[in-house]
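# Structural description and commentary
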Amino acid sequence: EHPYPTEIREYLYKILVIGDLGTGKTSIIKRYVHNIFSTNYKSTIGVDFALKVIQWSPDTVIRMQLWDIAGQEKFSGLTRVYYKEAVAALVVYDITRPNTFEAVPKWKADLDTKVCLPDGQPIPVVLLANKMDLQDETSVGLNGEDMERFCEDNGFLKWFGTSAKDNSNIDDAARFLLEEIMHRE
Ligand code: GTP
Ligand code: MG
């Protein structure tokens, strides 16, 4: 029917992955991009990068450039440099360690003071409650209502309980974030 092939639209998005030490940022990215998981902990130094290419629709390709920022950068002055021109972020905490949840608003505030969209709006941010495979009665912040209020109060669009180990909910969280980015185009 069409005499010429449809034009392919390509988008490149810089997306930050931040949160405290050892919460599983690198593991989530490795699972999402390469579908692998390791129990070995090798703390990220500075920042690492990963690229995930997604055929979003027949005529749309998305390149997600994931910036895997070391948890130990929390109080370093470098985050401003890393955050530059990001269009979205994932903030990760570890449901087995309350202090990583307490740090979430600090990471969010760090983001909001250092990066925004070209129109001045805050970038879309999603909260990941990671290590859901270890969930028990001591886990932090999993009550749905409380978490929704927490997200509203702290400017998160939504939260997802994830496990890099079991590969649960990571694709859904990423898809949700991409939809939010596309809506803002
Ligand atoms: P930094 O780079 O130091 O900021 O840490 P990080 O957030 O990148 O954490 P990383 O992905 O390196 O994971 C830390 C440890 O948690 C590793 O031993 C992982 O195997 C483990 N881990 C990560 N995600 C999960 C998960 O979903 N479930 C379980 N059980 N362990 C996980
Ligand atoms: Mg890491």
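Residues numbered from 1 in each chain as written. Chains lettered and ligands numbered in written order. Predicted model: local features only at pLDDT ≥ 70, side-chain atom pairs only at ≥ 80, totals over all residues. Heavy atoms only, no water.

## Some points on the overall build of the protein chain
Basically, it comes down to this: Only DSSP runs of H or I reaching four residues or more are called helices, and only runs of E reaching two or more are called strands; each is numbered from the N terminus. Partly exposed describes any residue whose relative accessible area lies between the buried limit of under 20% and the exposed limit of over 50%, with all areas from a 1.4 Å probe on protein chains only and scaled to the type maximum. Here a residue-residue contact requires only that any non-hydrogen atoms of the pair lie within 4.5 Å. Here the Shrake-Rupley method, with its probe set to 1.4 Å, supplies the accessible areas, and only the displayed protein chains count as covering residues. His is not counted, nor are the chain ends; Lys and Arg add positive charge and Asp and Glu add negative charge. To locate a charge, the coordinates of NZ of Lys, CZ of Arg, CG of Asp or CD of Glu are taken.
A count of helices and strands for the protein chain gives six helices and six strands. Along the chain direction, N to C, the helices and strands of the protein chain fall in the order β-α-β-β-α-β-α-α-β-α-β-α. Seen along its three principal axes, the alpha-carbon backbone of the protein chain occupies a region of about 60 × 35 × 35 Å. Across the 185 residues in the protein chain, those meeting the buried criterion constitute 46%. By sequence separation, contacts in the protein chain at least 24 residues apart represent 72% of the contacts at least 6 residues apart. Carbon and sulfur atoms provide 50% of the accessible area of the protein chain, an area that totals close to 10,200 Å². Positive and negative charge centroids in the protein chain, built from 21 and 28 side chains respectively, lie 6 Å apart.

## Thoughts on the pattern of salt bridges
Our working rule: By definition, a salt bridge exists where a carboxyl oxygen of Asp or Glu is found within 4 Å of a side-chain nitrogen of Lys or Arg.
Applying the stated criterion to the full structure yields ten salt bridges. Taking the shortest distance from any N to any O, the salt bridge between R9 and D59 comes out at 3.5 Å. Placement of R9 in strand 1 (residues 9–18) and of D59 in the loop between strand 2 (47–57) and strand 3 (60–69) is noted, with a sequence separation of 50 residues between them. Where D94 meets R97, a salt bridge forms, and the shortest distance between an N and an O atom there is 3.0 Å.

## What about the pairing of strand 2?
Cut-off, in case you're wondering: Following DSSP output, two strands are said to pair if at least two bridges run between them.
In terms of strand pairing, strand 2 meets strand 3 through ten bridges, oriented antiparallel. Paired with D48 across the strands is D68, a residue of strand 3. Taking the residues that link successive antiparallel strands as the turn, the strand 2-strand 3 hairpin has two residues.

## Observations regarding a negative patch on the surface
For clarity, the threshold we go by: The patches reported here contain residues having more than 30% relative accessible area and no salt bridge. Joining distances are 9 Å for like charges and 5 Å for nonpolar side chains (Val, Leu, Ile, Met, Phe, Trp, Tyr).
Together, E145, D146, E148, E152 and D153 make up a negatively charged patch on the protein surface. Tracing the chain through its elements places E145 in helix 5 (residues 144–154).

## Re the coordination of the magnesium ion (ligand 2)
Rule in force here: Donor selection uses N, O and S atoms within 2.8 Å of the metal (3.2 Å for Na, K and Ca). Since no water is included, sites may look incomplete.
Bound to the magnesium ion (ligand 2) are the protein donor atoms T26 (OG1) and T44 (OG1), situated 2.0 Å from the metal. Taken as a pair, T26 in helix 1 (residues 25–34) and T44 in the loop between helix 1 and strand 2 lie far apart in primary sequence, 18 residues in all.

## A look at the site of ligand 1
As a reminder of what qualifies: Nearness is defined per residue: one heavy atom within 4 Å of the molecule or strand is enough. Whenever two N or O atoms come within 3.5 Å, that pair is a polar contact, provided that in protein one can donate a hydrogen and the other can accept it, and provided that, for residues adjacent in sequence, both atoms are side-chain atoms.
In the vicinity of ligand 1 lie 24 residues, with K25, S27, Y41, S43 and D133 positioned nearest. Taking T39, its main chain carries an N or O atom lying 2.9 Å from an oxygen atom of ligand 1. In this structure, an oxygen atom belonging to ligand 1 sits 3.4 Å away from a main-chain N or O atom of K165. When the free accessible area of ligand 1 is taken as 650 Å², the share hidden by the protein chains comes to 92%. For the shell around ligand 1, the element with the highest residue contribution is helix 1, accounting for three residues.

## Overview of the packing of aromatic side chains
Heads up, the condition is: Classification of ring pairs rests on two measures: the distance between centres of Phe, Tyr or Trp rings, Trp counted by its six-membered ring, which must be within 6.5 Å, and the angle between planes, read as stacked under 30 degrees, edge-to-face over 60 and tilted in between. Here, over-ring charges are defined by two tests on the NZ atom of lysine or the CZ atom of arginine: distance to the ring centre within 6 Å, and angle to the ring normal within 35 degrees.
Applying the stated rule across the entire model yields six aromatic pairs. When the centroid spacing of 4.7 Å and the interplanar angle of 55 degrees are considered together, the rings of Y93 and F101 count as tilted. On the basis of relative accessibility, which here comes to 0%, the residue Y93 falls in the buried class. Taken together, Y93, F101, F150 and F156 form an aromatic cluster joined through their ring pairs. The aromatic ring of W67 is capped on one face by K14, whose charged end is 3.5 Å from the ring centroid. In this structure, K108 is placed above the aromatic ring of F156, and the distance from its NZ or CZ to the ring centre is 5.8 Å.

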